[in-house]
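One letter stands for each residue in the lines below.
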Amino acid sequence: MYRFSNTVIGFLNLFTLLASIPIIGAGLWMARSSTTCEKFLQTPLLFLGFIILIISLAGFIGACFHVAWALWLYLFVMLFLIGALMGLTVFGFVVTSQGGVVDVPGKVYKEYHLDNYSTWLKKRIKDPQYWMTIRACILGSKTCATVITWSPFDYLTKDLTPIQSGCCKPPTACNYGLTTLSQDPDCYRWNNDPNLLCYECDSCKAGVLEDVRRDWQKISVLNIVMLVFLIGIYSIGCCAFQNTKRAVSDYPHGQNRMSKVRPRWDFYWWRWWHDRRRQLY
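Residues numbered from 1 in each chain as written. Predicted model: local features only at pLDDT ≥ 70, side-chain atom pairs only at ≥ 80, totals over all residues. Heavy atoms only, no water.

1. Comments concerning the overall build of the protein chain
- Assigned secondary structure in the protein chain consists of ten helices and two strands.
- The linear arrangement of helices and strands in the protein chain, starting from the amino end, is α-α-α-β-β-α-α-α-α-α-α-α.
- For the protein chain, the residues scored as buried account for 36% of the 281 residues in total.
- Here the analysis covers contacts within the protein chain between residues at least 6 apart in sequence; of these, 65% occur between residues at least 24 apart.
- Carbon and sulfur atoms make up 67% of the accessible area of the protein chain, which amounts to about 17,600 Å² in all. (Helix = DSSP H or I, 4+ residues; strand = E, 2+ residues; numbered from the N terminus. Buried < 20%, exposed > 50% of the residue type's maximum accessible area, 1.4 Å probe, protein only. Contact = heavy atoms within 4.5 Å. Areas by Shrake-Rupley, 256 points an atom, 1.4 Å probe, with all protein chains shown as cover.)

2. A few points about a nonpolar patch on the surface
- The grouping of Phe 11, Leu 14, Leu 18 and Ile 21 at the surface amounts to a nonpolar patch, some 420 Å² of accessible area in total.
- Note that Leu 14 resides in helix 1 (residues 4-30).
- The exposure class of Leu 14 is partly exposed, given its relative accessible area of 33%. (Patch = residues over 30% accessible without salt bridge, like charges linked within 9 Å, V, L, I, M, F, W, Y side chains within 5 Å. Salt bridge = Lys/Arg side-chain N within 4 Å of Asp/Glu carboxyl O.)

3. Observations regarding the UniProt feature "transmembrane region" (unreviewed entry) in the protein chain
- Mapped onto this numbering, the UniProt entry annotates "transmembrane region" (unreviewed entry) at residues 12-31, 43-68, 74-95 and 219-237.
- Taken end to end, residues 74-95 is 100% helix and 0% strand, and its first and last C-alpha atoms sit 31 Å apart.
- In the segment residues 219-237, helix accounts for 100% and strand for 0%; the C-alpha atoms at its two ends are 26 Å apart. (UniProt positions renumbered as here; feature names shortened; annotations may be inferred.)

4. A closer look at the state of the cysteines
- A full pass over the atoms with the stated rule returns four disulfides.
- The disulfide that involves Cys 174 links it to Cys 187, with 1.8 Å between the sulfurs. On the S-S bond that ties Cys 174 to Cys 187, the torsion sits near -90°, and the link is left-handed. Linking Cys 174 in the loop between helix 7 (162-167) and helix 8 (185-189) with Cys 187 in helix 8, this pair joins segments that are 13 residues apart in sequence. Each member of the pair, Cys 174 as well as Cys 187, carries the same accessibility label: buried.
- There is a disulfide in this structure between Cys 198 and Cys 201, and the S-S distance comes to 1.7 Å. The sign of the -85° torsion about the S-S bond sets the Cys 198-Cys 201 disulfide as left-handed. The residues Cys 198 and Cys 201 share a single accessibility class, namely buried.
- Residue Cys 238 stays outside any disulfide, its sulfur separated by 6.9 Å from that of Cys 239, the closest cysteine. (Disulfide = S-S within 2.5 Å.)

5. Focus on the side chain of Asp 186
- Residue position: Asp 186 is located in helix 8.
- Leave out the neighbours within four places in its chain, and Asp 186 touches Pro 171, Cys 198, Cys 201, Asp 202 and Ser 203.

6. What to know about the packing of aromatic side chains
- Counted by the stated rule, this structure contains five aromatic pairs.
- Their ring planes at 5° and their centres at 5.7 Å tell us that Trp 72 and Phe 76 sit as a pair that is stacked. Of this pair, Trp 72 and Phe 76 both sit in helix 3 (residues 68-95), separated by four residues, roughly a single helical turn.
- With relative accessibility at 51%, the residue Phe 76 sits in the exposed group.
- Ring geometry for Trp 150 versus Tyr 155: centroids 5.4 Å apart, planes at 70°, classification edge-to-face.
- Looking at Tyr 155, the relative accessible area reads 18%, which means it is buried.
- An aromatic cluster is built from Phe 91, Trp 120 and Trp 216, whose rings are joined through pairwise contacts. (Phe/Tyr/Trp six-rings, centres within 6.5 Å; stacked < 30°, edge-to-face > 60°.)

7. As for the pattern of salt bridges
- In the structure shown here, the tally under the stated rule is eight salt bridges.
- Two residues, Arg 213 and Glu 210, come together in a salt bridge whose shortest N-O distance is 3.0 Å. You can see Arg 213 and its partner Glu 210 sitting in helix 9 (residues 202-246), three residues apart, about one turn around the helix.
- Exposure remark for Arg 213: the relative accessible area of 14% places this residue in the buried category.
- On the basis of relative accessibility, which here comes to 0%, the residue Glu 210 falls in the buried class.
- Two residues, Arg 214 and Glu 210, come together in a salt bridge whose shortest N-O distance is 3.0 Å. One end of the pair is Arg 214 and the other is Glu 210, both in helix 9 and four residues apart, which spans about a single turn.
- With relative accessibility at 35%, the residue Arg 214 sits in the partly exposed group.
- Put simply, Asp 186, Arg 189 and Asp 202 are held in one network by salt bridges that share partners.

8. Section: the environment of Gln 242
- Along the chain, Gln 242 turns up in helix 9.
- Overall, the relative accessible area of 36% leaves Gln 242 in the partly exposed class.
- Linking Gln 242 and Ala 68, residues 174 residues apart in sequence, is a C-alpha distance of 8.7 Å.

As structure tokens, this is what we get:
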């Protein structure tokens, strides 16, 4: 069982090292696309890929070649990642705990109200510069291309995604035949132009937030699984770090230093190298 933890850490980091390559490749591939949605994900993917690459390389070298400083760096960054992931998970559950789903009588689809979401999400989505980026993303993805051709029967029988429900049509409660009645402000923001539709409506912003909320909750559950996994790896890494410090002289704790039995992994290689140099010179 001696140095078993080093072997486990070495194999795990070799696996994550190889896994970081397609992540970096995906980020670089997205840089070639002109779609705003994909460029929006490019930076986080590249950052995540390079971080995993560096950490995995440090852990692999430290565990397999008994480099203590590399394992120390690996454990330090791992501890930082565990703390950051834990904070992000708690934050994600807090800001996505509220939703704005509203049932529409006689319809299959739902509608969404912006006021029902958390303050942080509303402040973020109402930022003009941020919303301009998302609006361009929705336009580029052609989300509303099929919805605007629907017949009244389609609206009765077909479901809509949150973005389609909020951005591709006016609110169901709008009644354009009775202009004297007070109506939802989104009713007046609606425009039949395919480039306008309801992209400036609060319902469109709410639809985007609903998509974000659902995705974030799924990611938060995955984060919990990753936290358990990372804490387990961190515990094994601590054992590997202790083994690496002992491997400098390669004797178990408490054993006399003069009775070394098992040379370090590079002992025979260095002895061959010095013998070879003496023969040459």
